[in-house]
Structures are given as structure tokens and as C-alpha cells.
Amino acid sequence: MRWLLAGCFGLILINISVALNPDVPISQKPRFYGVNAGRNVSICCLCSKELQTAKAEWYRVDKYDTVVNEITNRIEAVKKYTFRHNLGDRIFFLDIHDVRMENSGVYFCKINNEWGPGTAVQVARSGGIDQARRSKMKDALIILQGLLLAVCIAAVLLRKHQQLEKKDSIYEEPEVDHIYEGLKIETCSGGVYEELSVYAQADGDDSAEAPWE
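As the structure is a computational prediction, the values presented were derived from the model and not from experiment. (Residues numbered from 1 in each chain as written. Predicted model: local features only at pLDDT ≥ 70, side-chain atom pairs only at ≥ 80, totals over all residues. Heavy atoms only, no water.)

Colleague: I'd love a proper account of the overall build of the protein chain, names of residues and values included.
Modeller: Within the protein chain, the secondary structure is distributed over 3 helices and 9 strands. By residue count, 21% of the 213 residues in the protein chain fall in the buried class. Sequence separation of 24 or more characterises 60% of the internal contacts of the protein chain that already satisfy a separation of 6 or more. (Helix = DSSP H or I, 4+ residues; strand = E, 2+ residues; numbered from the N terminus. Buried < 20%, exposed > 50% of the residue type's maximum accessible area, 1.4 Å probe, protein only. Contact = heavy atoms within 4.5 Å.)

Dropping the structure here:
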């Protein structure tokens, strides 16, 4: 019985200490935000459990390793910044309107003396992201044009090669050389030379007439 009473008393002390010094983990979403200038940004700060007297404060520094000054780095609810919360004081929002280059930095939320991990916001010049996409598309088109040019050149060279092969196939070397070898005496009759001598003409004799004249 004494041990049971001691256990109940211990639980009561733990609950009282938690109520007096709540250790509530804080998370932020997103952890990084890249956006073009002129857009709106919304950062969420979330408590792990509902608190009855939760109050969120927001701070901005240039880098993560910069020490937060709770006076100079504190963000006030003005036209540029808007604070919101819902779900029983568990989720808090920081809205940044019409962001500019100078709004880049790391934003921290603080709830009941507990700090969030921070959200880095990087603001690009207006049209910077779109210009980068257009540059990538331009590079892709240049590569595609180069490939098409290479294909066209290869097609022309192949066509010329085929034409040369076709011309070579038209002319073929004869398999047997048909060279005139002359008459063989043994194949001629004996009166061949006598018959040819009739048509022969002596050198320098202009008065001789051919038999057919």
C-alpha cells in the first residue's frame, strides 16, 4: 500500500513539473522554400501537443549559424507579414506577402521558449527559375539539331557510296581476252598468197591499176 501511494505521489509530481516547464518539441514545414520574387510564402510551425497558453513568435536571420537576437531579429505583424494559428493553438503560420530578394534568410518560430529548427527561404529574381528552364530547353534543342545534322550527313554519304558501287557493277572485266592472233599458215589453202599478190602494188608505181578499176 505504501508503494502504491508513493507511485501516485511521484506521478503527481511529474505532471506538475511538466505543467510548469513544458518541454514541447517544435517542428517547421517546409525546411527549405525556393520561390520567385513577387510570390507569397507560408511557413508552418507545429507543436507536438495542444497547449492552453501557447504563443508563437517569429524571427529572421541571414544564415543558420547566426545567433538570433530576440530584439532586432524579431518579426512584427505588419503589412509584409501575417500571423495565423488554428487547431487549438497547435499549428502556427507565418505568411510573407510579395517576397523580395531581401526577404531571403532563415525563419525560426518560438513557442513557449521552445525554438523550431528553422526554415530557409531563398528568393530568386523574377523569372529566374523560368529562365533556367528555358535555357535547359534551348540546350536540348541544340543537341537535337546536332543529332539530326549528323543523321543527314550520314545519309548523304551512304547514298554516294551506293551510287559508286552501282557504277562499278555496270562495267565488268571480260573473263576471256578476245585478242586477234592472226591467221595461221597451216589453216590457209596454198593459193592464198597468189591471190593476194594480184592486189599488191609495187612501191612508187603510180601507173599500175588495181584489177577492179
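Colleague: I'd love a proper account of the side chain of Lys110, names of residues and values included.
Modeller: As for its placement among the helices and strands, Lys110 is situated in strand E7 (residues 105-111). For Lys110, a relative accessible area of 8% puts it in the buried group. In terms of polar contacts, Lys110 uses its side chain to reach the side chain of Glu70, at 3.1 Å. For Lys110, the residues in contact, after removing those within four places along its chain, are Lys55, Ala56, Glu57, Tyr59, Glu70 and Trp115. (Polar contact = N/O pair within 3.5 Å; in protein donor to acceptor, adjacent residues only side chain to side chain.)

Colleague: Account for the packing of aromatic side chains, naming residues and giving values.
Modeller: Taken as a whole and assessed by the stated rule, the structure comprises 2 aromatic pairs. Ring plane angle 45° and centroid distance 5.0 Å describe the contact between Tyr59 and Trp115, whose orientation is recorded as tilted. In this pair, Tyr59 is assigned in strand E4 (residues 56-61) and Trp115 in strand E8 (residues 114-115), connecting sequence segments 56 residues apart. Accessibility expressed as a relative area gives 1% for Tyr59, which makes it buried. Ring geometry for Tyr64 versus Phe108: centroids 6.2 Å apart, planes at 85°, classification edge-to-face. Here the residue Tyr64 occupies a position in the loop between E4 and strand E5 (81-86), and Phe108 occupies one in strand E7, the gap between them amounting to 44 residues. We note Arg84 situated over the ring of Phe93; from NZ or CZ to the ring centre the distance is 4.5 Å. (Phe/Tyr/Trp six-rings, centres within 6.5 Å; stacked < 30°, edge-to-face > 60°. Lys NZ or Arg CZ within 6 Å of the ring centre and 35° of its normal.)

Colleague: Describe in detail a nonpolar patch on the surface, supporting the description with residues and values.
Modeller: Together, Leu141, Leu144 and Leu148 line one region of the surface with nonpolar side chains, adding up to about 290 Å² of accessible area. Relative to the assigned elements, Leu141 resides in helix H2 (residues 128-170). (Patch = residues over 30% accessible without salt bridge, like charges linked within 9 Å, V, L, I, M, F, W, Y side chains within 5 Å. Areas by Shrake-Rupley, 256 points an atom, 1.4 Å probe, with all protein chains shown as cover. Salt bridge = Lys/Arg side-chain N within 4 Å of Asp/Glu carboxyl O.)

Colleague: Give me the sheet that holds strand E6 (residues 91-96): which residues, what numbers.
Modeller: Strands in a sheet are paired, the pairing made by backbone hydrogen bonds, and the direction either parallel or antiparallel. One open sheet accounts for 4 strands, arranged E1-E3-E6-E5; its pairing is antiparallel. Of all the strands in the sheet, just strand E1 (26-29) and E5 have a single pairing partner and so form its edges. Across the sheet, the mean angle from the axis of one strand to that of its neighbour is 20°, orientation sign disregarded. Here E5 runs beside E6; their pairing, made up of 6 bridges, is antiparallel. (Pairing = 2+ DSSP bridges. Axes fitted to C-alpha atoms, helices over the stretch in contact; angles between N-to-C directions.)

Colleague: Go over the confidence of the model for the protein chain, please, and point to the residues and values.
Modeller: Of all residues in the protein chain, 61% attain a pLDDT of 70 or more, and the chain-wide mean is 75. Low pLDDT, under 50, characterises residues 1-22; the stretch is placed with 2 contacts to residues that sit more than four places away or in other chains. (pLDDT = per-residue confidence, 0-100.)

Colleague: If you had to explain the UniProt feature "transmembrane region" (unreviewed entry) in the protein chain to someone new, which residues and values would you point to?
Modeller: The feature "transmembrane region" (unreviewed entry), as given by UniProt, occupies residues 140-158 in the numbering adopted here. Taken as a whole, residues 140-158 contains 100% helix and 0% strand, while its terminal C-alpha atoms sit 27 Å from one another. (UniProt positions renumbered as here; feature names shortened; annotations may be inferred.)

Colleague: How would you summarise unusual backbone geometry if you had to cite specific residues and measurements?
Modeller: The omega angle of the peptide bond from Lys29 to Pro30 is -10°, so this bond is cis rather than trans. Located in the positive-phi region is Asn112, a residue other than glycine, with phi close to 50°. By the element assignment, Asn112 lies in the loop between E7 and E8. Exposure remark for Asn112: the relative accessible area of 25% places this residue in the partly exposed category.

Colleague: If you had to explain the state of the cysteines to someone new, which residues and values would you point to?
Modeller: Inspection of every chain in the model, using the stated rule, returns 1 disulfide. This cysteine, Cys44, is not joined by any disulfide, and Cys45 carries the nearest cysteine sulfur, 7.1 Å off. Residue classification places Cys44 among the buried residues on the basis of a relative accessible area of 16%. (Disulfide = S-S within 2.5 Å.)

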